[in-house]
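Chain by chain, the residues:
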Amino acid sequence: MFGHSFTSSVSSLVVCIDRGAVIADAAGETPVVGERAVRSLVTEVGLDDPEDSRVNCLLEGLRLARERRNEGEEPVLAVVSAPDESVDSDRAIAKQIDDLLAARPVESAVVVTDNAADERLVHVIESRVRVDAVSRVVVRQARDLESTYYLLKQFLADEQLRATVLVPIGLFLLAVPVLVAVQNVTAALAAVASVTGLFLLYKGLGVDDALAVLAGGVRDGLYTGRVSVVTTVVAAGLALIGIVAGVISATPLAAGASVLTTAMAFLFDSVPWLAIAALTASVGHALDEWLRNTQIGNAALNLPFVVIAIAFVVRGFAAYFLERAGVIDPLTVPPMALGVVSVRGFEIAGDIRLVAFVVLGVCISLLGVGVAARLGDWLTVEEPTESP
């Protein structure tokens, strides 16, 4: 139906891309090559549907071919088409491009499309020949409408954007009936603002990603039998006990004491439990590291000593402030008798107790460094080497 005209020397290619049954059925055989064949195709497609944007696409191809000829080039106008937007149709269009380039020496190409979906095939042509320009033909009356539709479609296809934007809007719309029902606009708006703010903080701070990583780590730990999963659960329970114990101790002081004294009371009773929780978790991670890598790093071995040292220092400072505030009594050593040696009971002043706790914490920290250096080499299991 449409003739193919070939020339011996060609410098540029003007190609119109279409994915749809209209041009594919009207052409019969694709690609359609030559301006005369394309003019006949424009007439046929335009008579079938004058409002079809494909007519404008073909006319734009004819206009660009005429401009190239006026500039002294020898352009070849072609139309490639496939019946739908499937992967097989895209491969068929790619084969048509290969046939065009194999039949004529093309140096560059200008691509003409009539919608954003067809533009996704531009990279197929770019992988085969240099593309100088892409001309997208949109009817003027529909340009804003089509651009808005494409942006909205792209937005709805992005799951992350949907969850971030549509969920707060949905919550606000759900709150409208609540406003009408309770007739308390202030309370309803405060609730909506609070929920929306929490959601934005949840997404903005990446809490969802952190929870996903945590859930993945727990799942992998359960499947692989890691000791740290159990020790982490135990540590969480111990930490909860420590927090509750600290709150119980600090609550009676909240009314009459200063903020510093209340905080020190909380730390004084919660630090031992929190230290035991940290020790439990660190031991579990150290065991996992040894079982997985047959060795334990110095940092993992030194961590329990650091936790104990910090616990002693923090409890020492908390006891010092509480003793100065009169909340706790000075440390008293009861009288003792060891054979012929007897010791009378005496009180240890707050300054001396603070110094003792700090020195003890520093000594424990230094002990941890030495133990980690020696015990790390001893726990390392050397893999047997095969003799040649």
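Thresholds applied
- Residues numbered from 1 in each chain as written.
- Predicted model: local features only at pLDDT ≥ 70, side-chain atom pairs only at ≥ 80, totals over all residues.
- Heavy atoms only, no water.
- Pairing = 2+ DSSP bridges.
- Helix = DSSP H or I, 4+ residues; strand = E, 2+ residues; numbered from the N terminus.
- Contact = heavy atoms within 4.5 Å.
- Axes fitted to C-alpha atoms, helices over the stretch in contact; angles between N-to-C directions.
- Core = buried A, V, L, I, M, F, W, Y, C linked by side-chain atoms within 4.5 Å.
- Buried < 20%, exposed > 50% of the residue type's maximum accessible area, 1.4 Å probe, protein only.
- pLDDT = per-residue confidence, 0-100.
- Salt bridge = Lys/Arg side-chain N within 4 Å of Asp/Glu carboxyl O.
- UniProt positions renumbered as here; feature names shortened; annotations may be inferred.

Identification of the chain as DUF373 family protein from Halococcus saccharolyticus DSM 5350 is taken from an unreviewed UniProt entry.

(A) Region of interest: the sheet that holds strand β4 (residues 108-113). The 5 strands lie next to each other as β2-β3-β1-β4-β5, forming an open sheet whose pairing is mixed. Each edge of the open sheet is held by one strand with a lone partner, namely β2 (32-33) and β5 (130-136). Alignment of β4 against β5, held across 6 bridges, turns out to be parallel. By the bridge assignment, Val-111 is partnered in β5 with Val-134. Contacts between helix α3 (residues 53-70) and the sheet are confined to β1 (12-19), β3 (75-82), β4 and β5, with β1 contributing the most and set at about 175 degrees to the helix.

(B) Broad picture of the nonpolar core. Formed by 22 residues in total, the largest nonpolar core has its most connected members in Val-38, Leu-41, Leu-58 and Val-79. When contributions to this core are tallied by element, the ones reaching two or more residues are β1, α1 (21-27), α2 (35-48), α3, β3 and β4. Among the nonpolar cores identified, the runner-up in size contains 21 residues, and Val-15, Ala-94, Ala-109 and Val-111 belong to it.

(C) Region of interest: the confidence of the model for the chain. Looking at the chain as a whole, its pLDDT mean stands at 77, while 76% of the residues score no less than 70. Within the chain, the element-level pLDDT minimum falls on helix α7 (residues 143-157), averaging 62, and the maximum on β4, averaging 90. Counted against residues more than four places away or in other chains, residues 1-9, with its pLDDT under 50, gives 23 contacts. Low pLDDT, under 50, characterises residues 381-388; the stretch is placed with 3 contacts to residues that sit more than four places away or in other chains.

(D) Molecular detail of the environment of Lys-95. Note that Lys-95 resides in helix α4 (residues 87-103). Sequence separation between Lys-95 and Val-80 is 15 residues; the distance between their C-alpha atoms is 9.6 Å.

(E) Geometry of the pattern of salt bridges. The final tally for this structure, using the stated rule, is 12 salt bridges. Residue Asp-18 pairs with Arg-54 through a salt bridge whose shortest N-O separation is 2.7 Å. You can see Asp-18 sitting in strand β1 and its partner Arg-54 sitting in helix α3, a full 36 residues away along the chain. The same class applies to Asp-18 as to Arg-54, namely buried.

(F) Highlighting the UniProt feature "transmembrane region" (unreviewed entry) in the chain. When the UniProt feature table is mapped onto this chain, "transmembrane region" (unreviewed entry) is found at residues 163-182, 188-206, 227-250, 299-322 and 352-373. Helix makes up 100% of residues 299-322 and strand 0%. Its end C-alpha atoms lie 34 Å apart. Annotated as residues 352-373, this span is 100% helix and 0% strand, and its ends, taken at the C-alpha atoms, are 32 Å apart.

(G) Looking closely at the pairing of β3. Burial analysis of β3 places 8 of its 8 residues in the buried class, which makes it a mostly covered element. Burial along β3 is two-sided: Pro-75, Leu-77, Val-79 and Ser-81 and Val-76, Ala-78, Val-80 and Ala-82, pointing in opposite directions, are all buried. Both β1 and β3 contribute to a ladder of 8 bridges, which runs parallel. Each residue of the ladder has a partner; that of Leu-13, found in β3, is Val-76. One ladder, built from 2 bridges, connects β2 with β3; its direction is antiparallel. Following the sheet pairing, Val-32 is matched in β3 by Val-79.

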